[in-house]
Amino acid sequence: MDEKLKQIEQTLEKYGQEQLLDEYNRLTDEKQKQDFLDSILTIDFNQVKTLYEKSKEEPAFANSKIEPIDYVDKSKLSNEEYEELKEIGTKEIKEGKLAVVTMAGGQGTRLGHSGPKGTFDLGLDTHKSIFEILTDILIKAREDYGVDIPWYIMTSEENNQQTEQFFKKHNYFGYPKGCITFFKQGKLPMISTDGKVLVDENHKIKEAADGHGGIFHSMLKDGVVYDMKARGIEWVFIGGVDNVLVKPVDPILLGMAVKKQVVAAGKSIVKANPQERVGVFCKRNGRPSVIEYTEITPEMAEETDENGELKYGESHILCNLFSLKAIEKVSQMELPYHIAFKKAKYIDQDGNLVVPEKPNAYKFEAFLFDAFESLENFAVLRVKREEEFAPVKNAEGVDSPETARKLYQDFHKQK
Ligand code: UTP
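Below you will find a few notes about this structure. (Residues numbered from 1 in each chain as written. Predicted model: local features only at pLDDT ≥ 70, side-chain atom pairs only at ≥ 80, totals over all residues. Heavy atoms only, no water.)

## Some thoughts on the site of the ligand
- Near the ligand, the surroundings consist of 19 residues, among which Met103, Thr109, Arg110, Gln185 and Lys393 are the closest.
- At 2.7 Å, a backbone N or O of Met103 approaches an oxygen atom of the ligand.
- Contacts to the ligand include Gly108, whose backbone N or O atom sits 2.9 Å from an oxygen atom.
- In isolation the ligand exposes 570 Å². Once the protein is present, 87% of that is buried.
- Here the residues of the shell around the ligand sort into six nonpolar, nine polar and four charged. (Near = heavy atom within 4 Å. Polar contact = N/O pair within 3.5 Å; in protein donor to acceptor, adjacent residues only side chain to side chain. Areas by Shrake-Rupley, 256 points an atom, 1.4 Å probe, with all protein chains shown as cover. Nonpolar A, V, L, I, M, F, W, Y, C, P; charged D, E, K, R; others polar.)

Structure follows, in structure tokens:
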């Protein structure tokens, strides 16, 4: 018997994943069979086993000590303070020390757009896609500071090709091609509720992106950290693809990080109301962190300080700045994986395609903000929602193209 097949059989037996052999035996095309075996070899079944076991555990957050975190309110800085931070940050930007990373590896399931989220037409008169809007922001910054700002776009296995083609087709929306680098985030197998690795409709192992926390590993693995070093980058802004008012090149944020001598900083906006379903910055066991809306008690969510402001009111908006040193450190660490229960099409034991109507499979995701706890320090800058946060998440209602378009138009005073 083929050595490779024998080895795989042993591994699958050891981890109780023999159902994958049924799929192998059903395949008739020799190339497809070999590809399938090769894809099995890329899987860390021990990790899959651990992840499955963790899916049965209760979350551990109940025992952590949560406290409010200090922040700087951008709108309350005095003129002198503002100018000082601006000068410090501007100097760093002009010296070419800042790079921007856009995380565009998500599935965008809530929006329901068929392509990568960045290719979505926001519905402006110009019919600009989200990617073009983001490029405009970087072109403006390039003009303002007279420096090429390297832009790294993180895609996933599923959307990488479409994303790169979209930029190529549109001639990179006028941004210098040499300043744009695409890199792919990692992936992990999806498993059934009884811990079995699934097979997708293309007769491959069913895999999904490993969450935005996968960014640090991917930046190291794909040579992004190395490339940044070679370009003399010291600071990296990391943001999501879906905020059309993002301000990635912000001398105040950068100036604040440098002045406070922190290794990372994040922007917050005031929580709209205590019940808003957003994560907020906090200190967890004395370390910088984000507490999710699912973790916070209703009492804590309502608590106010002596000024009547929410104690836990600084929403995390996925707009963070890291020193390259902090990224290097975190990229070598294991972030925890969180479990999401999702709908996943798969091929069953009899070789039939199953299209579920409700969630049927576990997906594992690392969260970027889990990295904060390993950083020695962190600064939070409160910014204004109407100036910096217009997310495109849902097809309708809150945080939809309609609300983001309005915020974008109001900010740019466009009709
Ligand atoms: P979200 O958590 O809002 O997920 O991602 P999403 O994929 O865009 O949308 P839903 O939840 O499926 O509807 C926030 C940001 O993180 C990126 C997304 O592209 C978005 O910019 N992200 C998310 C990744 O890059 N990779 C991931 O694995 C997950």
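## Comments concerning the sheet that holds strand E17 (residues 361-366)
- The three strands lie next to each other as E7-E17-E14, forming an open sheet whose pairing is antiparallel. Single-partner strands in this sheet number two, and they are strand E7 (191-192) and strand E14 (337-342).
- Both E7 and E17 contribute to a ladder of two bridges, which runs antiparallel. Pairing of Ile191 across the sheet is with Tyr362, part of E17.
- Contacts from helix H4 (residues 45-55) reach E7, E14 and E17, with the element oriented near 75° to E14. (Pairing = 2+ DSSP bridges. Helix = DSSP H or I, 4+ residues; strand = E, 2+ residues; numbered from the N terminus. Contact = heavy atoms within 4.5 Å. Axes fitted to C-alpha atoms, helices over the stretch in contact; angles between N-to-C directions.)

## Topic: a negative patch on the surface
- A surface patch of negative charge is lined by Glu13, Glu18, Asp22 and Asp350.
- By the secondary structure assignment, Asp350 is in the loop between strand E15 (346-347) and strand E16 (353-354). (Patch = residues over 30% accessible without salt bridge, like charges linked within 9 Å, V, L, I, M, F, W, Y side chains within 5 Å. Salt bridge = Lys/Arg side-chain N within 4 Å of Asp/Glu carboxyl O. Lys, Arg positive; Asp, Glu negative; His and termini not counted. Charge placed at Lys NZ, Arg CZ, Asp CG, Glu CD.)

## Quick notes on the side chain of Ser129
- Relative to the elements of secondary structure, Ser129 occurs in the loop between strand E3 (98-103) and helix H6 (130-145).
- Excluding anything up to four places from it in sequence, Ser129 contacts Gly118, Thr119, Phe120, Asp121, Phe166 and Phe173.

## Digging into helix H3 (residues 30-41)
- Across its 12 residues, H3 extends 17 Å between first and last C-alpha, which sits within 8% of the 16 Å expected from 1.5 Å per residue.
- Every buried residue belonging to H3 is among Lys33, Phe36, Leu37, Ser39 and Ile40, and all of these are buried. The arc enclosing the buried residues of H3, seen along the axis, measures out at 160°, which places them on a common side.
- Tucked into the core, H3 has its buried residues touching helix H1 (3-14), helix H2 (19-26) and H4.
- Backbone nitrogen of Lys31 and a side-chain oxygen of the N-cap are separated by 3.1 Å at the start of H3; the cap is Asp29. (Expected span 1.5 Å × (residues − 1). Buried < 20%, exposed > 50% of the residue type's maximum accessible area, 1.4 Å probe, protein only. Arc of directions from axis to C-beta.)

## Some thoughts on the nonpolar core
- The biggest cluster of nonpolar side chains holds 56 residues, and the ones touching the most others in it are Trp151, Phe167, Val244 and Val249.
- No other element matches H6, which puts seven residues into this core.
- The residues touching Val244, leaving out its near neighbours within four places in the chain, are Leu122, Ile130, Ile133, Ile137, Ala390, Val392, Ala404 and Tyr408.
- Listed in part, the 36 residues of the second largest apolar core include Met154, Phe367, Leu375 and Phe378. (Core = buried A, V, L, I, M, F, W, Y, C linked by side-chain atoms within 4.5 Å.)

Keep in mind these values describe shape, not function.
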